[in-house]
Amino acid sequence: MKNQYLFENIIADRELTENEHLRLRARLRRLSTSSGIESICLSKEELFIEYNPLLKTSDDIYEELRTMGFPSKQLELVIVP
C-alpha cells in the first residue's frame with residue numbers, strides 16, 4: 001500500500017532576512033528528522049512541509065513551528081486545545 005502524504009504551505013508574515021532564514025533552517029533540521037516528516041523546504045517567504053498524517057498531524061507541526069517562533073499569522077489562527 002502506498003503512503004499518502006499531505007502538504008502544509010505556511011506563508012511568512014514578511015520576507016525573512018538572511019539571518020532569520022539561516023536561524024530557522026537550523027531549527028527546522030530538528031523538525032525534519034522527527035517521525036512523520038518527509039520533507040521541508042524553506043524559502044524567504046514560505047515554508048513547505050510534506051508529512052505522513054498517520055504519524056504527525058498538522059496541529060503537531062503548527063505547535064512546533066509556534067514554539068520555534070516561525071513568523072506567520074496562519075499559526076496564530078490555529079486554536080490550541
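Relevant structure appears above.
Small disclaimer: the values here were computed from a predicted structure and weren't measured.

Okay, the sheet that holds strand E1 (residues 6–11) next. The strand order E1-E3-E2 describes an open sheet built from three strands, whose pairing is antiparallel. Strands with a single pairing partner mark the edges of an open sheet, and in this sheet they are E1 and strand E2 (37–42). Each adjacent strand pair in this sheet contributes to an overall mean axis angle of 15 degrees, direction not counted. As paired elements, E2 and strand E3 (residues 46–51) share five bridges and run antiparallel to each other. Its bridge partner lying in E3, Ile40 is registered against Ile49.

Before going further, it helps to examine the nonpolar core. The biggest cluster of nonpolar side chains holds 17 residues, and the ones touching the most others in it are Leu28, Leu42, Leu47, Ile49, Ile61, Leu65 and Phe70. Elements represented by at least two residues in this core include exactly helix H1 (18–32), E2, E3 and helix H2 (58–68). If one sorts the elements of this core by residue count, H2 sits on top with four residues. In contact with Ile61, other than residues within four places in its own chain, are Ile37, Ile49, Tyr51 and Lys56.

Thresholds, definitions, all that
- Residues numbered from 1 in each chain as written.
- Predicted model: local features only at pLDDT ≥ 70, side-chain atom pairs only at ≥ 80, totals over all residues.
- Heavy atoms only, no water.
- Pairing = 2+ DSSP bridges.
- Helix = DSSP H or I, 4+ residues; strand = E, 2+ residues; numbered from the N terminus.
- Axes fitted to C-alpha atoms, helices over the stretch in contact; angles between N-to-C directions.
- Core = buried A, V, L, I, M, F, W, Y, C linked by side-chain atoms within 4.5 Å.
- Buried < 20%, exposed > 50% of the residue type's maximum accessible area, 1.4 Å probe, protein only.
- Contact = heavy atoms within 4.5 Å.

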